[in-house]
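Descriptive analysis of the structure
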Amino acid sequence: MPEVVVVDACLRDGAGGSPTAVLDDAPFTDEERRRIPAEWGTSHAVFLRAAGTERGHPAYTLRFFTARAELPACGHGTVAALAVLAERDGGDRDYRAVLRTAHRTFTGRTSRDGEGLTAWFAPGPVSLRSAAGAEWGAVAAGLGLTADAVAHEACVASNGRSRLLLPLRSRAVLAELTPDLARLRAACDRHGLLGCYVYSPPDRHGRVAARMFAPSIGVPEDIAKANSTACLAAHVAGSGTHRLAVDMRDHLGSPSTVTATTRRDRTGLRIRVGGRAAIARTVVQGQLGPTRF
């Protein structure tokens, strides 16, 4: 029976975070993989497969699933996977692994201090473009927003799949959102968007509040969204903000924080994103739940 590790990814002050199921891959069907998140009360499941050694470090292939579909990437899922791999390695030193997803290969790292484990990775290049009025207007309608709630122009960002980045005037406006998820999903599907990442303006320390709605992939609202935070980091780097700490899900009692930094070198904009993580529980699949593999 496979061992399922539930990791709280992107914790804030040692609490909250996004529960994410991590397990070794096996000859499961995709239907069986999609059942894991619902059975374990997580938004996503990450499946690990050892792939030898690369660049002098252990290498692993990662696959990400929600209850609805397989995803090409998942940032907080990557943080969760790194936490599990670091614990298996012994957990008492810095850890590094080469990770492969559907579209790219990159290095992930963890480090420990007195407050626990932090995992981070480079999410790769981000493409940005201005959002068309029809795009952000349809999404804003699904979110129940009026025009005066939007701070300035939205943009569409992608590091694998496109999502709308929509700035709001304040944290208070953000907290009061009550989206029509069916309407929002229809808008995202119509415009080829993964979902909508709605955020408050960064303060002078780079602190931001954000919410991520992705009903098109079976996640009405995500607890932590590292890849979308990386997209935001690329977007705000152009206005001089190079360090972000993004708070999510305060209004639902499960606070999480995703951190991101950017710097430019001769190859372009370098982004690093991650967060703190802790293993919440480990259970052998089959002891609990209806799934039979």
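Structure first, text after, so check above.
The present account deals with the structure reproduced in this document. From a predicted model like this one, the values you see are computed outputs, not experimental measurements.

Looking now at the packing of aromatic side chains. Under the definition given, this model contains 4 aromatic pairs. Each ring, one from Phe47 and one from Phe65, has its centre 5.7 Å from the other, and the planes form 85°; the classification is edge-to-face. In this pair, Phe47 sits in strand E3 (residues 44–54) while Phe65 sits in strand E4 (residues 57–65), placing the two residues 18 residues apart along the sequence. Phe47 gets classed as buried once you look at its relative accessible area, which sits at 1%. Taken together, a centroid distance of 5.7 Å and an interplanar angle of 40° make the contact between Phe106 and Phe121 tilted.

Pairing between strand E1 (residues 3–11) and strand E17 (residues 268–284): 8 bridges, direction antiparallel. Paired with Asp8 across the bridge in E17 is Ala278. Relative to E17, strand E8 (residues 116–121) is paired through 5 bridges, and the arrangement is antiparallel. When the bridges of E17 are listed, Ala119 appears paired with Gly275. In the sheet, strand E16 (residues 256–265) pairs with E17 via 7 bridges, with the strands oriented antiparallel. Across the sheet, Asp265 pairs through a bridge with Gly268, a residue of E17. In textbook terms, the turn of a hairpin is the stretch between consecutive antiparallel strands, and for E16 and E17 this stretch comprises 2 residues.

We now examine the environment of His103. Within the fold, His103 resides in the loop between strand E6 (95–100) and strand E7 (105–113). With 17 residues separating them in the primary sequence, His103 and Ala86 have C-alpha atoms 23 Å apart.

Quick look at the pattern of salt bridges now. According to the stated counting rule, one finds 22 salt bridges in the structure shown. Across the salt bridge formed by Glu54 and Arg100, the nearest N and O atoms sit 2.5 Å from each other. With Glu54 in strand E3 and Arg100 in strand E6, this pair connects stretches of sequence that are 46 residues apart. Judged by relative accessible area, which is 30%, Arg100 ranks as partly exposed. Between Arg93 and Asp89 there is a salt bridge; the shortest N-O distance is 2.8 Å.

A cluster of basic residues, Arg96, Arg109, Arg243 and Arg272, forms a positive patch at the surface. Within the secondary structure, Arg96 sits in strand E6.

Conventions used here
Residues numbered from 1 in each chain as written. Predicted model: local features only at pLDDT ≥ 70, side-chain atom pairs only at ≥ 80, totals over all residues. Heavy atoms only, no water. Phe/Tyr/Trp six-rings, centres within 6.5 Å; stacked < 30°, edge-to-face > 60°. Helix = DSSP H or I, 4+ residues; strand = E, 2+ residues; numbered from the N terminus. Buried < 20%, exposed > 50% of the residue type's maximum accessible area, 1.4 Å probe, protein only. Pairing = 2+ DSSP bridges. Salt bridge = Lys/Arg side-chain N within 4 Å of Asp/Glu carboxyl O. Patch = residues over 30% accessible without salt bridge, like charges linked within 9 Å, V, L, I, M, F, W, Y side chains within 5 Å. Areas by Shrake-Rupley, 256 points an atom, 1.4 Å probe, with all protein chains shown as cover. Lys, Arg positive; Asp, Glu negative; His and termini not counted. Charge placed at Lys NZ, Arg CZ, Asp CG, Glu CD.

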